[in-house]
Amino acid sequence: MSPVITATGLSKRYKNSVALDNVSFQIPAGRIVGLIGPNGAGKTTALKAILGLTDFSGQLNVLGLDPRKQRDKLMEQVCFIADVAVLPRWLRVSEAVDFVANVHPRFDRAKCEAFLARTKLTPGMRVRQMSKGMIVQLHLALVMAIDARLLILDEPTLGLDILYRKQFYQNLLEDYFDENKTIIVTTHQVEEVEHILTDLMFIRDGKIVLDADMDAIGERFIEVMVNGDRAEAARAMKPLDERQVFGKSIFLFDGVERSTLEAMGEVRRPSVSDLFVATMKGTYA
Amino acid sequence: MKTFYWLVKREFWEHRGGFLWTPVIVGGLSLLLTLMSLVTGEVLGRRNNLFRFDGGDSIGLNGHLDASMLDNVGGVLDCVLFGVIALMLGIMAIVVFFYCLGSLYNDRRDRSILFWKSLPMSDGQTVLAKVASATLVAPVIACSVGVITGLLMMVMVACVASIHGLNLWQLLLHVHPLQVIASVIALIPLYVIWALPTAGWLMLCSAWSRSMPFLWALLLPPASLLIVWWFGLLGLFKVGAGWFWGNVVVRLLMSLVPGGWLRDVPALGNGLHANTPDALLDFLGVAQNYATLVSPDLWIGAIAGVAMIAAATWLRRWRDDS
């Protein structure tokens, strides 16, 4: 199956900064990709380029279309939730459903109404009367009823309480995602998406510094907890990162043989957030 | 086409207050004021014994009116209808002015543009739907509400007149509400062409400015007028500041006011000296108005308007600041 997104030499320059610096990557179908990076690393610019919302140099192919020239056609296949607060405040629930049902050829009204029935939203309610969590429920109900091939989520759960956040990802996994769909998500709440991701991309200063699927990451990166007396030996092996817990040292290694590390202490798979912190060391320095 | 219809409907949903409720409220208020003044007239008239109720009437409406006087009464009633519609359109012009200024700016400011842009519709359709809402939907609603209000007002005045013995059926032959309504409807296409430069200019400012489109839209034309005037002082420009004011500044900012084209109809001066209401209405008639079609001013303005709308569409597509 051909990849959903192919980017080759993608660059985007703003007046006094580089948002994307000659980036190339491929995203196959049926994946959930986490695009993770510090503030200002170029995540949103990359997503905007994919959505045809911004100009750029380089090659970009999304579902066989050029997002700069064929944006209207592309949006039949692509959905996005940009942020929780972007539904217009005057819009009523019924108006939102009517409108999307009539302009989107792949929208399933019954499905949307079934999703809405599970919430406290009523047809006459306006967005301005809703809490942030309810707005995102409405947006998600609209988006999940669209049979799109690519869904892009840019900080979809920013500012939501933990109940809404959990429910958001659970709905996505249970009622939306399948092998024909692809989801790209950016978020700072890495812990929450960690278990649903199939692929991970780290972006820093406009460059992709890590692009791998979760299995490969589990093989490549290993965390080992070492007693104080063996810390020097571990340090000699050039770990990515070191931190102290209860008098022991935890080292994060990239591409070191698992058996070697097992001999030094207790090994485990690093969490994405630890990996992220280690990779992004010195970003703001 | 279906998408376009729903885009226009979306504009109506968002601006129901300005497009529909404003004229309805103004219409209700003017009916109330009419009723109050008619009642005042009746009460004061009776108190001061102006009317006699022994079959005759000191004002003597019936029997003393010949056909030409009835014509005048009918003409006055026609003018009432026309005046109410004009009032509605004047208020609509203010509403639409601010609608255009916000049309491509407000959703950028609150970032809801990202929601609209996540749906499969082109920016061209979006902008055109907004132009249609401003130049077509708003005037049609304002005219409809104006017609209803005006007709009710005519009925009220006619009823009071009939109390004083005026024969309603006879009067009916001398009022021409259908003619007034037809000419108002016929003028709407002309209005669309005439309004394009202002709609285009305001929407261009709305699509372009990062903040305060109102200030840009209002300040740039007078500022350029100042420059033209200054160049004129130096003798560098052939065109005078007066010409620039009338043909650029006023056209960019004031063309949403209906009937603005009449300044180019030389016969209008005579119309204002008309001594019967009918004659005045004739001058406001369709043929007089459409005489404007021969003036290049109208068409140059329309072309400039279309160009500015195209520029606004381009900005809508590529402006990247949300």
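Model, not experiment: these values are computed from the prediction. (Residues numbered from 1 in each chain as written. Chains lettered and ligands numbered in written order. Predicted model: local features only at pLDDT ≥ 70, side-chain atom pairs only at ≥ 80, totals over all residues.)

Trainee: Any chance you could explain the environment of A:Gly265 here in plain terms?
Mentor: Residue and element names in this part refer to chain A. Along the polypeptide, Gly265 turns up in the loop between helix H10 (258-262) and strand E13 (266-268). Along the sequence, Gly265 and Val4 sit 261 residues apart, while their C-alpha atoms lie 42 Å from each other. Excluding anything up to four places from it in sequence, Gly265 contacts Val224, Met225, Val226 and Asn227. (Helix = DSSP H or I, 4+ residues; strand = E, 2+ residues; numbered from the N terminus. Contact = placed C-beta atoms within 7 Å.)

Trainee: Explanation requested: the interface of chain B and chain A in the structure shown.
Mentor: By a frequent convention, interface size equals the accessible area lost on bringing the separate parts together. The interface of chain B with chain A comprises 20 residues on the first partner and 23 residues on the second. Within the residue set of the side of chain B that touches chain A, elements represented by two or more residues are helix H1 (2-14) and helix H5 (113-116) of chain B. Sorting elements by how many residues they give to the side of chain B that touches chain A places H1(B) first, with 6 residues. Among the residues making up the side of chain B that touches chain A, the classes are represented as 8 nonpolar, 4 polar and 8 charged. (Nonpolar A, V, L, I, M, F, W, Y, C, P; charged D, E, K, R; others polar.)

Trainee: Teacher, can you tell me more about the pairing of strand E9 (residues 207-213) of chain A here?
Mentor: Within a regular beta strand, the side chains point alternately toward one face of the sheet and then the other, so they alternate between its two faces. Residue and element names in this part refer to chain A. Alignment of strand E8 (residues 199-204) against E9, held across 6 bridges, turns out to be antiparallel. In the sheet register, Arg204 faces E9, and the bridge partner there is Lys207. Between E8 and E9, which pair antiparallel and follow one another directly, the connecting turn spans 2 residues, one of which, Asp205, has a positive phi of 50 degrees. (Pairing = 2+ DSSP bridges.)

Trainee: Looking at this structure, I do not really get the packing of helix H3 (residues 67-103) of chain B against helix H6 (residues 123-163) of chain B. What am I missing?
Mentor: To describe two helices that pack against each other, one gives the angle between their axes and the distance between the axes. Residue and element names in this part refer to chain B. Running from N to C, H3 and H6 cross one another at 155 degrees; their axes reach a closest spacing of 7 Å. When the axes of H3 and H6 are compared, the pair comes out roughly antiparallel. Here H3 and H6 pass one another in a crossing that is right-handed. Along the lines of polarity and charge, the residues of the contact of H3 with H6 split into 24 nonpolar, 4 polar and 1 charged. (Axes fitted to C-alpha atoms, helices over the stretch in contact; angles between N-to-C directions. Parallel < 35°, antiparallel > 145°, perpendicular 65-115°, else oblique. Left-handed = near helix turned anticlockwise from the far one by under 90°.)

Trainee: How should the sheet that holds strand E2 (residues 17-27) of chain A be read in this particular structure?
Mentor: The pairing of strands in a sheet comes from backbone hydrogen bonds and takes either a parallel or an antiparallel form. Residue and element names in this part refer to chain A. The 3 strands are arranged E2-E1-E4 in an open sheet whose pairing can be described as antiparallel. Edge positions in the sheet fall to E2 and strand E4 (57-62), since each has one partner strand and no second. When the angles between neighbouring strand axes are averaged without regard to direction, this sheet yields 20 degrees. Where strand E1 (residues 5-14) meets E2, 7 bridges bridge the pair, whose relative direction is antiparallel. Counterpart to Thr6 in the pairing with E2 is Gln26. Along the sheet, helix H1 (residues 43-50) contacts E1, E2 and E4; its crossing angle with E1, the most-contacted strand, is approximately 120 degrees.

Trainee: Hey, could you run me through the environment of B:Leu77 in this one?
Mentor: Residue and element names in this part refer to chain B. As for its position among the elements, Leu77 is in helix H3. Considering only alpha carbons, one finds Leu77 and Asp107, 30 residues apart in sequence, at a separation of 44 Å. When residues no more than four places from it in sequence are discounted, the contact partners of Leu77 are Met154, Val157, Ala158 and Val175.

Trainee: What exactly am I supposed to notice about the domain arrangement of chain A here?
Mentor: All names here are of chain A. Splitting chain A by domain gives domain 1 (5-205) and domain 2 (217-279). For domain 1 and domain 2, the distance between their C-alpha centroids amounts to 35 Å. Contact residues are listed per partner, giving 6 residues for domain 1 and 6 residues for domain 2. Those elements that provide at least two residues to the side of domain 1 that touches domain 2 are helix H7 (190-193) and E8. Tallied by class, the residues present in the side of domain 1 that touches domain 2 amount to 4 nonpolar, no polar and 2 charged. (Domains from an automatic or database assignment.)

Trainee: Honestly, the sheet that holds E13(A) in this entry has me stumped. Any pointers?
Mentor: All names here are of chain A. Sheet architecture is open: 4 strands sit in the order E11-E12-E10-E13, paired in antiparallel fashion. The sheet is open, and its two borders are formed by strand E11 (241-245) and E13, each paired with just one other strand. Neighbouring strand axes in the sheet, compared pairwise and without regard to direction, differ in orientation by 25 degrees on average.

Trainee: What should I look at first to understand helix H9 (residues 213-234) of chain B in this one?
Mentor: Residues three or four positions apart in an α-helix share a direction because the helix packs 3.6 residues into each turn. Residue and element names in this part refer to chain B. Between the first and last C-alpha of H9 there are 32 Å, a value that for 22 residues agrees with the 32 Å anticipated at 1.5 Å per step. Largest kink in H9: about 30 degrees, centred on Leu219, with the proline Pro221 one to four residues after it. Buried within H9 we find Pro213, Ala217 and Val228. Elements that come into contact with the buried residues of H9 comprise H3, helix H8 (177-208) and helix H10 (241-254). One or two residues past the end of H9 sits Gly235, with phi positive at roughly 75 degrees. (Expected span 1.5 Å × (residues − 1). Bend = angle between axes of the 7 residues up to and from the residue. Buried ≥ 20, exposed ≤ 12 C-beta atoms within 10 Å, placed from the backbone.)

Trainee: Sorry, what's going on with the packing of helix H2 (residues 16-47) of chain B against H3(B) here?
Mentor: Residues and elements named next belong to chain B. Running from amino to carboxyl end, H2 crosses H3 at an angle of 145 degrees, the nearest separation of the two axes being 10 Å. For the element pair H2 and H3, the recorded crossing hand is right-handed. Contact with H2, carried on its side by Gly18, Phe19, Thr22, Pro23, Val26 and Ser30, involves Val84, Met88, Ile91, Met92, Val95 and Tyr99 of H3 and no other residues of that element. Split into classes, the residues belonging to the contact of H2 with H3 amount to 9 nonpolar, 3 polar and no charged.

Trainee: Looking at this structure, I do not really get the confidence of the model for chain A. What am I missing?
Mentor: Close inspection of predicted coordinates is inappropriate for parts of the model with low pLDDT. On average, residues of chain A score 90 in pLDDT, and 99% of them are at 70 or above. Averaged pLDDT values over the elements of chain A bottom out at 82 in helix H9 (residues 231-236) of chain A and peak at 96 in helix H3 (residues 93-103) of chain A. (pLDDT = per-residue confidence, 0-100.)

Trainee: What's the story with unusual backbone geometry in this structure? I'm lost.
Mentor: The bulk of non-glycine residues show a negative phi, and the bulk of peptide bonds are trans. All names here are of chain A. For Asp205, which is not a glycine, the phi torsion comes out positive at approximately 50 degrees. Overall, the presence of 17 C-beta atoms within 10 Å leaves Asp205 in the partly exposed class. Positive phi, close to 50 degrees, is recorded for Phe246, a residue that is not glycine. You can see Phe246 is positioned in the loop between E11 and strand E12 (248-254).

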